[in-house]
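Architecture and fold: a report
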Amino acid sequence: MVDRISKEARSKIMRSVRSKNTKPELLIRKILTRLGYRYRLHAKDIPGKPDIVFRKKRKVLFIHGCFWHGHEGCSRGAMADSDFWRKKITNNIERDKIVLSYLTQHNWAYLIIWECELRDINFIESKILKFLGAPTIPSQ
C-alpha cells in the first residue's frame, strides 16, 4: 500500500511520537495516584525500562501502544504494510518477550496495560487493584 503522505511529512509525524509521558501513561499515573499508590517511573536499572515501578512489591507496569507492540486481535495493532514497520514491530514484540522472560526469572511480576483497554477506566482500575493489592499507606 502506498503512503498518502509525503516522506518528509511522515517523518515529522513519527518524530513527534513519544516514548515517555504519553497520554495513556499519564492517565494510568492519574489512576494510580487517585487509588493511593506510590510508584517510580522509567527505572533504567530494570530491563525494558518499565513505565511504572513498585520496587517494594517487585512489580512493574508496562503501558503498551497497540500499534507499536503488535497487540493481537486489536484493530489498532494491525500489522503495518511496509517492510520497515513490519520489521520494527516484530523486533519490538521479540524484545518484549525477552524482557518479560528476564523479569519473571528474576522474581519481578509485570502487568501490561494496552492502549485500547483505556476506554474502560473501571476495568483498568480493577485490573490494577487485582495486580497490586490494596495500596499501603505510608506511616508518619
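Residues numbered from 1 in each chain as written. Predicted model: local features only at pLDDT ≥ 70, side-chain atom pairs only at ≥ 80, totals over all residues. Heavy atoms only, no water.

1. As for helix 2 (residues 23–35)
Over its 13 residues, helix 2 runs 18 Å from end to end, which matches the ideal 18 Å to within 8%, given 1.5 Å per residue. Each element contacted by the buried residues of helix 2 is listed here: strand 1 (40–41), strand 2 (52–54), strand 3 (59–64), strand 4 (109–114) and helix 4 (121–132). One or two positions beyond helix 2, positive phi appears at Gly 36, with a value near 100 degrees. (Helix = DSSP H or I, 4+ residues; strand = E, 2+ residues; numbered from the N terminus. Expected span 1.5 Å × (residues − 1). Contact = heavy atoms within 4.5 Å.)

2. Comments concerning the pattern of salt bridges
If you walk through the whole model with that rule in mind, you get 6 salt bridges. Where Arg 34 meets Glu 125, a salt bridge forms, and the shortest distance between an N and an O atom there is 2.6 Å. Pair noted here: Arg 34 is in helix 2 and Glu 125 is in helix 4, with a separation of 91 residues, a long-range link. Given the relative accessible area of 16%, Glu 125 is considered buried. With a shortest N-O distance of 2.8 Å, Arg 86 and Asp 83 are connected by a salt bridge. Taken together, the residues span about one helical turn, with Arg 86 and Asp 83 both in helix 3 (residues 83–105) at a distance of 3 residues. A residue is classified by how much of its surface remains accessible, and Arg 86, at 33% relative accessible area, is partly exposed. Judged by relative accessible area, Asp 83 falls into the exposed class, the value being 60%. (Salt bridge = Lys/Arg side-chain N within 4 Å of Asp/Glu carboxyl O. Buried < 20%, exposed > 50% of the residue type's maximum accessible area, 1.4 Å probe, protein only.)

3. Describing unusual backbone geometry
Despite not being glycine, Lys 49 shows a phi value in the positive range, around 40 degrees. Along the chain, Lys 49 falls in the loop between strand 1 and strand 2. Judged by its relative accessible area of 47%, Lys 49 falls in the partly exposed class. One non-glycine residue with positive phi stands out, namely Asn 107, at about 60 degrees. Relative to the assigned elements, Asn 107 resides in the loop between helix 3 and strand 4.

4. A closer look at the sheet that holds strand 1
In any sheet, the strands associate via hydrogen bonds between backbone groups, in a parallel or an antiparallel arrangement. Taken in spatial order, the 4 strands make up an open sheet running 1-2-3-4, and their pairing is mixed. The outermost strands of the open sheet, each flanked by one partner alone, are strand 1 and strand 4. Bridge analysis of strand 3 against strand 4 gives 6 bridges, and the strand direction is parallel. Among the inter-strand pairings, Ile 63 is bridged to a residue of strand 4, identified as Ile 113. Across the face of the sheet, helix 2 comes into contact with strand 1, strand 2, strand 3 and strand 4 while running at roughly 140 degrees to strand 3. Its contacts with the sheet place helix 4 against strand 2, strand 3 and strand 4, and it is angled at close to 175 degrees to strand 4. (Pairing = 2+ DSSP bridges. Axes fitted to C-alpha atoms, helices over the stretch in contact; angles between N-to-C directions.)

5. Observations regarding the pairing of strand 3
The element strand 3 is extensively covered by neighbouring structure, given that 6 of its 6 residues are classed as buried. Because side chains alternate across strand 3, one face comprises the buried residues Lys 59, Leu 61 and Ile 63, and the other comprises Val 60, Phe 62 and His 64, equally buried. Note: strand 2 against strand 3, 3 bridges, orientation antiparallel. Bridging across to strand 3, Ile 52 finds its partner in Leu 61. The antiparallel hairpin formed by strand 2 and strand 3 contains 4 residues in its connecting segment, where Arg 58 sits at a positive phi of about 55 degrees.

Functional significance is not addressed by these values, which are geometric in nature.
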